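# Analysis of the macromolecular model
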Amino acid sequence: MQLQLLKKVSRNGRMSLQRWERSKYLRKWFELIDKSSEDIAKLMTAENGKPLIEAKAEVAYGAGYIEWFAEEAKRIYGEVAPRPSNTREMVFFREPIGVVGLITPWNFPMAMLTRKAAAALAAGCTCVARPAEDTPLTALALAALAEEAGLPKGVFNVVTSSAHHAAEIGKALCESEDVAGISFTGSTAVGKILYQQCAGTVKRLALELGGNAPFMVFDSADIEKAVEGAMASKFRNSGQTCVASNRILVQETVFDEFVKALSKRIEKMLVVGDGLDCGVNQGPLANEKQLVKVESLVKDAVNKGAKVVIGGKQHKLGGLFYEPTVLTNIDEQMECFNEEIFGPVCLCIRFKTEADAIEMANNTRRGLAGYFFSNDYQQIWRVARKLQTGIVGVNEGIISSVEAPFGGIKESGFGREGSHHGIDEYTHVKYVTFGGLNY
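Read on for an overview of the structure.

### Overview of unusual backbone geometry
A negative phi holds for most residues other than glycine; trans holds for most peptide bonds. If you check the backbone angles, Val202 has positive phi at about 45° while not being a glycine. Relative to the assigned elements, Val202 resides in the loop between helix 8 (188-198) and strand 7 (204-208). In this model, Asn329 sits at a positive phi of 60°, which is unusual for a non-glycine residue. Relative to the elements of secondary structure, Asn329 occurs in the loop between strand 11 (325-328) and helix 12 (335-338). What makes Asn329 partly exposed here is its relative accessible area of 47%.

Shown next as structure tokens:
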């Protein structure tokens, strides 16, 4: 059934709608989501487990992309270049690439879809979205509201499936000659597979893959603000974000102070439980696979000499709940140093000098996000330029914004989502030259 739907996607994947019409439909879609925000947030918490307060924030954040690209749809500009001679003129048009496949993860079931779909629709592309098998309902709710907004039938399509058929659908999208581009957010391992599968049809490809974000605290930093930043970047969605701080590198002169302050803040502020319960700000891990992974990484670290400051085991609630954890005595031989944890586990690592910190931070094949806290003005500019990541947070733990280009380097992928750059993934430039002129 799913593959039959894929085959029904029009060979002409460009909308006949004018850009002002696309803008109008996107604006209406945004308004309907805004009116239904409470229901969508509760649905998201029910299927994803994240606390309701975070689900509400994601609905606002995800809707923001639709509002943003409703306006960007009007501003997809071409160019008129200086002519090379008095007999020619040159113009460059930006045109939609065609049908795009959007493959999204379970950790942000709304925002990851709207960030892609809104840009694609604004550009004039039709979409086939494949949401994660763990969180299909949020995507279907968005599709229902898109239909209510009047978006023409066949412009925004959602294909759901079990995990058993996920690879099959991804392969079909990648190998189809009718699909012009793929945008994927997920693991680096799966991204590499999709990359290979797209080679046969030389598709446009945007990959937002796994991270291994460093979070550096220098001795000039305001420790309280650094702790606040670490809490924000690490424990949002119970650590299950691609930009979550994975390795917290702290200068040795302030290491003990920082670890003590962080541990106290965790014990005081984090409440684990059912995301629909009042006051809860830490939900469960997404599935059994995630729980096993987090437990395995912590066990490996402890067996190799790591010290558990707080947490370190499954929460007393059982199920998929895991205790917020702080580990010290971490070294580069531990699996957690090199793997994306995707859970509520802080790895606190000492460093001596700025050069040591930068070397450790960049010692990874991943390059999505990085953070650091410092009050040394010159150091801020040095470190920001030397970090090998697509995104850098300076004295800030929350870095995502609709106005900013989101994406990584190295094996964290390529392409950008959000901002005016988000349109670029769904358009190509056509060069037209006019000859035979004489003026």
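### Quick look at the environment of Asn107
With respect to the helices, strands and loops of the structure, Asn107 is situated in the loop between strand 3 (99-103) and helix 5 (111-123). For Asn107 and Ala357, which are 250 residues apart along the polypeptide, the C-alpha to C-alpha distance reads 29 Å. Those residues in contact with Asn107, other than ones at most four positions away along the chain, are Asn48, Lys50, Glu58, Asn237, Gln240, Thr241, Cys242 and Phe342. Reaching out from Asn107, the side chain makes a polar contact with the backbone oxygen of Gln240 at a distance of 3.2 Å.

### Overview of the sheet that holds strand 1 (residues 79-81)
The strands that make up a sheet pair up through hydrogen bonds in the backbone, lying either parallel or antiparallel. Read from one edge of the open sheet, three strands run 1-2-18, paired in antiparallel fashion. Looking at the sheet topology across the chains shown, the edges are occupied by strand 1 and strand 18 (427-434). Taken over all neighbouring pairs, the strand axes of this sheet differ in orientation by 25° on average, direction set aside. Both strand 2 (residues 89-96) and strand 18 contribute to a ladder of eight bridges, which runs antiparallel. Residue Glu89 lies in a different strand from strand 18, and its bridge partner there is Phe434.

### Digging into the pairing of strand 8 (residues 213-217)
The side chains of a regular strand alternate, residue by residue, between the two faces of the sheet. The buried fraction of strand 8 is high, at five of five residues. Burial along strand 8 is two-sided: the face carrying Ala213, Phe215 and Val217 and the face carrying Pro214 and Met216 are both buried. By the bridge criterion, five bridges tie strand 8 to strand 9 (residues 245-251) in an arrangement that is parallel. Note that in strand 9 the partner of Val217 across the bridge is Val250. For the segment spanning strand 8, helix 9 (residues 223-235) and strand 9, crossover handedness is right-handed. With three bridges joining them, strand 8 and strand 14 (residues 369-373) adopt parallel strand pairing. If you follow Phe215 over to strand 14, its bridge partner there is Tyr371.

### With respect to the nonpolar core
In this structure, Trp29, Ile33 and Phe156 are the most contacted members of the largest nonpolar core, which totals 53 residues. Those elements giving two or more residues to this core turn out to be helix 2 (19-35), helix 3 (37-48), helix 4 (52-72), strand 3, helix 5, strand 4 (127-130), helix 6 (136-148) and strand 5 (156-158). Counting residues per element, this core draws most heavily on helix 5, which supplies 10 residues. Not counting chain neighbours up to four residues away, the residues in contact with Ile33 comprise Ile40, Val59, Ala63, Ile66, Met110, Leu142 and Leu145. In this structure, Leu262, Leu270, Cys346 and Ile399 belong to the second largest nonpolar core, which totals 33 residues.

### Quick notes on the sheet that holds strand 4
With mixed pairing, six strands are arranged side by side in an open sheet as 5-4-3-6-7-17. Sheet topology places strand 5 and strand 17 (413-414) at the edges, where each strand pairs with a single neighbour. The pairing of strand 3 with strand 6 (residues 179-185) spans five bridges and is classified as parallel. Each residue of the ladder has a partner; that of Leu102, found in strand 6, is Ser183. Seen against the sheet, helix 5 touches strand 3, strand 4, strand 5, strand 6 and strand 7 and runs at an angle of roughly 170° to strand 3.

### What about the packing of aromatic side chains?
Tallied over the entire structure, the rule returns nine aromatic pairs. Aromatic pair Phe215 and Tyr371: ring centres 5.8 Å apart, planes at 35°, arrangement tilted. Of this pair, Phe215 sits in strand 8 while Tyr371 sits in strand 14; the two residues are 156 residues apart in sequence, bridging distant segments of the chain. By relative accessible area, Phe215 is classed as buried at 0%. Its relative accessible area of 1% is what places Tyr371 among the buried residues. Ring pairs connect the aromatic residues Phe215, Tyr371 and Phe373, which therefore count as one cluster.

Quick notes on the rules
- Residues numbered from 1 in each chain as written.
- Predicted model: local features only at pLDDT ≥ 70, side-chain atom pairs only at ≥ 80, totals over all residues.
- Heavy atoms only, no water.
- Helix = DSSP H or I, 4+ residues; strand = E, 2+ residues; numbered from the N terminus.
- Buried < 20%, exposed > 50% of the residue type's maximum accessible area, 1.4 Å probe, protein only.
- Contact = heavy atoms within 4.5 Å.
- Polar contact = N/O pair within 3.5 Å; in protein donor to acceptor, adjacent residues only side chain to side chain.
- Pairing = 2+ DSSP bridges.
- Axes fitted to C-alpha atoms, helices over the stretch in contact; angles between N-to-C directions.
- Right-handed = clockwise from strand over helix to strand, strands pointing away.
- Core = buried A, V, L, I, M, F, W, Y, C linked by side-chain atoms within 4.5 Å.
- Phe/Tyr/Trp six-rings, centres within 6.5 Å; stacked < 30°, edge-to-face > 60°.

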